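# A closer look at the structure
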Amino acid sequence: MSVNNGASDDWLEVWAGSSKASVAAMERWLFEAGALSVTLSDQIDDEQLAHAVLEPAPGEVRLWDEVTIVGLFAQGSVEVQMHEALQQAAETLGVEKPDYRIGRLQDQVWERSWMDTFKPMRFGHRLWICPTQEQPVEPSHVTIKLDPGMAFGTGTHATTAQCLQWLGEQTETELQPLQGKTVIDYGCGSGVLAIAALLLGADHAWAVDIDQQALLATADNAQMNGVTANLTLGLPDIIHDEKVDIVMANILFQPLMGLADTLAESVVKGGCLVMSGILEAQMQPLRMRYNDTFHFTAGSASDGWALMTAIRR
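Let me begin by describing the structure that accompanies this report. (Residues numbered from 1 in each chain as written. Predicted model: local features only at pLDDT ≥ 70, side-chain atom pairs only at ≥ 80, totals over all residues. Heavy atoms only, no water.)

### So, the overall build of the protein
- Secondary structure assignment for the protein yields ten helices and 16 strands.
- For the protein, with 313 residues in total, the buried portion stands at 51%.
- In the protein, the proportion of contacts linking residues at least 24 apart, taken out of those at least 6 apart, comes to 69%. (Helix = DSSP H or I, 4+ residues; strand = E, 2+ residues; numbered from the N terminus. Buried < 20%, exposed > 50% of the residue type's maximum accessible area, 1.4 Å probe, protein only. Contact = heavy atoms within 4.5 Å.)

This is the structure we're talking about:
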């Protein structure tokens, strides 16, 4: 493989082969290395790949026996640094680095492919995500206007879908189930969880992320959905003394382990912590880490990814 030491305006893609059983671990490896999104396809030749993108519905398991997994990395990424990040991610997770190759993708090609496949999705009884170019499916329901962008979180990945489903399930008996509540969306990505909470009646939401691209995307999406006035946006240090009713953290296992004290301090007594971005096998050690300050309720799992909810003692 030839190595390009410089950056360009293109996006970097990391391509690797995977068995069906290894997909969840491969996804986590790519996200740990900094991937903005991950796409799955059948292991066919490159010319056919663009026509075989897998976009399963939330909670649906639909995989080929042999899968090509493609991680998309930020515009201007340097190839040499990408190799280092992939190696570090494998070491951090304690997994063997698979064979892979790095390619380049122009901005407009990637964005157009997402726009062509992104369709309205429902979560729970009355919560929808709808692309801006389409009309709401149910005008009387809560609809988030959202287009695929640079930051992770449109509802197509199981971890985001689980969080949205949890929010959507709160609408089964109430029109504004979060009315009067305050919320933190920790690791906000596109801001979809904070925006959903506000549209469901929350008084105020804090959306925090360490990625400036995520903060920009969240600001744009909040303006599109008319919730800017009730949203505080910034790096994680903006919540150092905030205490809220609900904290939603759709990140990864290691950050969740390290942030236990921070997240616990952010939830009022009797408040709820929602954690996602973790594998089913990681639920028990995470429960042990938070057990002193939280009482855990029943969790759920989808496509090998888990969601955990807990009440602050």
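### A few points about the pairing of strand E7 (residues 127–130)
- Side chains Leu127 and Ile129 of E7 all project onto a buried face; the interleaved residues Trp128 and Cys130 project onto the opposite face, where all are buried too.
- Here strand E6 (residues 121–123) pairs with E7 via three bridges, running antiparallel. Opposite Met121, over in E7, you have Ile129 as the bridge partner.
- When E7 meets strand E8 (residues 142–145), the two strands line up parallel, connected through four bridges. Within the sheet, the bridge partner assigned to Leu127 lies in E8 and is Val142. (Pairing = 2+ DSSP bridges.)

### Remarks on the side chain of Thr309
- Along the chain, the position of Thr309 falls in strand E16 (residues 305–312).
- For Thr309, the side chain forms a polar contact with the side chain of Thr297, separated by 2.3 Å.
- Excluding residues within four positions of it along the chain, Thr309 makes contact with Trp166, Cys272, Leu273, Val274, Phe296, Thr297 and Ala298. (Polar contact = N/O pair within 3.5 Å; in protein donor to acceptor, adjacent residues only side chain to side chain.)

### With respect to the packing of aromatic side chains
- In total, this model carries two aromatic pairs according to the counting rule given.
- A cation sits over an aromatic face here: Arg287 above Phe296, 5.6 Å from the ring centre.
- The positively charged end of Arg312 is found above the aromatic ring belonging to Phe294, 5.9 Å away from the centroid. (Phe/Tyr/Trp six-rings, centres within 6.5 Å; stacked < 30°, edge-to-face > 60°. Lys NZ or Arg CZ within 6 Å of the ring centre and 35° of its normal.)

### Quick look at the environment of Asp303
- By the secondary structure assignment, Asp303 is in the loop between strand E15 (300–302) and E16.
- Look at Asp303 and you get partly exposed, because its relative accessible area is 32%.
- Linking Asp303 and Thr159, residues 144 residues apart in sequence, is a C-alpha distance of 9.1 Å.

### Describing the nonpolar core
- Judged by nonpolar contacts, the single largest core of 35 residues is most densely connected at Leu127, Ile129, Ile144, Leu164, Leu167, Leu178 and Met248.
- At seven residues, the largest contribution of residues to this core is made by helix H6 (residues 192–199).
- Setting aside anything within four residues of it in sequence, one finds Leu127 in contact with Met121, Arg122, Val142, Ile144, Leu164, Leu167, Gly168, Ala196 and Leu200.
- Formed by 27 residues, the second largest nonpolar core is a distinct cluster that contains Val247, Phe253, Ala260 and Ile278. (Core = buried A, V, L, I, M, F, W, Y, C linked by side-chain atoms within 4.5 Å.)

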